Amino acid sequence: MVCDRCIMVVDSLLRRLGYTVVNVALGSADIAEFLDDEALEGVAGELRRLGFGLIEDEAKLTAQKVKTLLIGLVRSESGTRLKLSAWLEEHTGIDYRTLGSAFVAVEGRTIENYFISQKIEYVKELLDYGRFTASEIAYRTGYSSVAHLSRQFRAVTGMTVTQYRTGGRRRPLDKV
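Conventions and cut-offs
For every chain, the first residue of its written sequence is number 1, and the numbers climb from 1 along that sequence. The model is predicted, so local features are restricted to residues of pLDDT at least 70 and side-chain atom pairs to those at 80 or more, both for listing and for counting; the totals for chains, interfaces and linings are taken over all residues. Each side-chain value is derived from all of the structure's non-hydrogen atoms; neither hydrogens nor water enter the calculation. Note on conventions: DSSP H or I runs of at least 4 residues are helices, E runs of at least 2 residues are strands, and numbering of each starts at the N terminus. Here a residue-residue contact requires only that any non-hydrogen atoms of the pair lie within 4.5 Å. We call a set of buried residues a nonpolar core when its members are Ala, Val, Leu, Ile, Met, Phe, Trp, Tyr or Cys and they connect through side-chain atoms within 4.5 Å of each other. Buried means the residue's accessible area, taken with a 1.4 Å probe over protein chains only, is under 20% of the maximum for its type, while exposed means over 50%, and partly exposed covers the values in between. Pairing between strands requires that DSSP locate at least two bridges from one strand to the other. By definition here, a helix of n residues has an expected span of 1.5 Å times n minus one. In this context, the arc is that of the directions from the helix axis out to the C-beta atoms. Side-chain atoms alone can form a polar contact between residues adjacent in sequence; in general such a contact is a pair of N or O atoms within 3.5 Å, and within protein one must be able to donate a hydrogen while the other accepts it. Note on aromatic pairs: the rings of Phe, Tyr and Trp (six-membered ring only in Trp) are paired at centre separations within 6.5 Å, and the planes decide the class, stacked below 30 degrees, edge-to-face beyond 60, tilted for the rest. Counting as a charge over the ring demands two things of the Lys NZ or Arg CZ atom: a distance within 6 Å of the ring centre and an angle within 35 degrees of the ring normal. Patches in this entry comprise residues that are over 30% relatively accessible and not in a salt bridge; like charges within 9 Å are linked, as are nonpolar side chains (Val, Leu, Ile, Met, Phe, Trp, Tyr) within 5 Å. For the area figures, the Shrake-Rupley method with a 1.4 Å probe applies, and any residue is considered shielded solely by the protein chains shown. Salt bridges, as used here, are contacts in which a Lys or Arg side-chain nitrogen is within 4 Å of a carboxyl oxygen on Asp or Glu. Charge counting follows a simple rule: Lys and Arg are positive, Asp and Glu are negative, and His as well as the terminal groups are ignored. Every charge is mapped to an atom, namely NZ of Lys, CZ of Arg, CG of Asp or CD of Glu.

Quick notes on the environment of Tyr-114
Move 1: Assignment of secondary structure puts Tyr-114 in helix α6 (residues 111-129).
Move 2: A sequence separation of 20 residues divides Tyr-114 from Ile-94, and the C-alpha atoms of the two residues are 18 Å apart.
Move 3: Once residues lying within four places of it in the same chain are set aside, the contact partners of Tyr-114 are Lys-67, Leu-70, Ile-71, Phe-103 and Arg-109.

Some points on the nonpolar core
Move 1: By size, the foremost hydrophobic cluster in this structure holds 29 residues, and its most contacted members are Leu-70, Leu-88 and Ile-111.
Move 2: Looking at this core, the elements with two or more residues in it are α3 (58-76), α4 (84-92), α5 (96-107), α6, α7 (134-140), α8 (146-157) and α9 (161-167).
Move 3: At 8 residues, the largest contribution of residues to this core is made by α6.
Move 4: Ignoring sequence-local partners within four residues, the contact set of Leu-70 consists of Leu-84, Leu-88, Ile-111, Tyr-114 and Phe-115.

Thoughts on the pairing of strand β1 (residues 21-25)
Move 1: Here β1 pairs with strand β2 (residues 28-31) via 4 bridges, running antiparallel. Note that in β2 the partner of Val-21 across the bridge is Ile-31.
Move 2: Taking the residues that link successive antiparallel strands as the turn, the β1-β2 hairpin has 2 residues, and the phi of Gly-27 there is positive, at about 90°.

So, helix α2 (residues 37-49)
Move 1: Relative to the 18 Å expected for 13 residues at 1.5 Å per residue, α2 spans 18 Å between its end C-alpha atoms, a close match to the ideal helical length.
Move 2: Those residues of α2 that fall on the buried side of the exposure criterion are Val-43, Ala-44 and Leu-47. Each buried residue of α2 lies within a common arc of 100° when the element is viewed along its axis, so the set occupies one face. For α2, the exposed residues lying more than 90 degrees away from the buried face are Glu-38 and Arg-49.
Move 3: Looking at the buried positions of α2, the neighbouring elements they touch are α1 (4-16).
Move 4: Regarding α2, its N-cap is Asp-36, as a side-chain oxygen of that residue lies 3.2 Å from the backbone nitrogen of Glu-38 further along.
Move 5: Following α2 by one or two positions, Gly-51 has its phi on the positive side, about 90°.

Focus on the packing of aromatic side chains
Move 1: Taken as a whole and judged by the stated rule, the model has 2 aromatic pairs.
Move 2: Here Phe-153 and Tyr-164 contribute two aromatic rings whose centre-to-centre distance is 5.7 Å and whose plane-to-plane angle is 75°, an arrangement assigned as edge-to-face. Taken as a pair, Phe-153 in helix α8 and Tyr-164 in helix α9 lie far apart in primary sequence, 11 residues in all. In this structure, Phe-153 and Tyr-164 share a single accessibility class: buried.
Move 3: Of note, Lys-119 hangs over the ring of Tyr-143, and the distance from its end group to the ring centre comes to 4.0 Å.

Digging into a negative patch on the surface
Move 1: Among the surface-exposed residues, Asp-36, Asp-37, Glu-38 and Glu-56 lie close enough to one another that they form a single negatively charged patch.
Move 2: Among the structural elements, Asp-37 can be located in helix α2.
Move 3: Note on Asp-37: relative accessible area 69%, which makes it exposed.

Here it is as structure tokens:
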């Protein structure tokens with residue numbers, strides 16, 4: 001799950017299936033009932049039908065936890081100037097080398113690459129809103145300067161911030 005709508009869909013599904021939902025957050029759902037193998041497979045099938053899936057593999061769970069934390073960090077507009085490895089270790093309790101290995105094994109790219117793609121996606125959203133200058137966007141997304149933001153934006157999207165603002169179209173991350 002990567003957005004509030006995803007949380008809402010999963011919460012609704014679990015309630016429709018008759019479960020007592022304790023909490024649904026990005027990447028996890030807690031219910032009051034214990035699920036046997038048959039019930040778990042039923043939930044998994046319903047989730048698959050909606051484009052979601054259960055994560056049971058430890059490396060996949062670790063990668064999903066990292067992704068969820070990074071999405072939250074990018075959108076919090078605070079703390080993005082911290083050293084990413086130290087921040088992740090603090091928030092997961094797992095050594096960064098272990099996190100990085102699990103992430104690459106599951107995602108096929110580094111944590112840093114994923115983090116940059118999330119930041120650029122957020123920059124695109126802010127550009128689409130049209131309310132912020134490039135300087136404000138750079139600050140909100142943790143870039144040290146507009147020049148740094150512009151270089152990274154061009155490297156990831158193939159266009160400048162100005163080109164994007166005047167005619168670019170956002171592509172969803174799952175299409176990248």
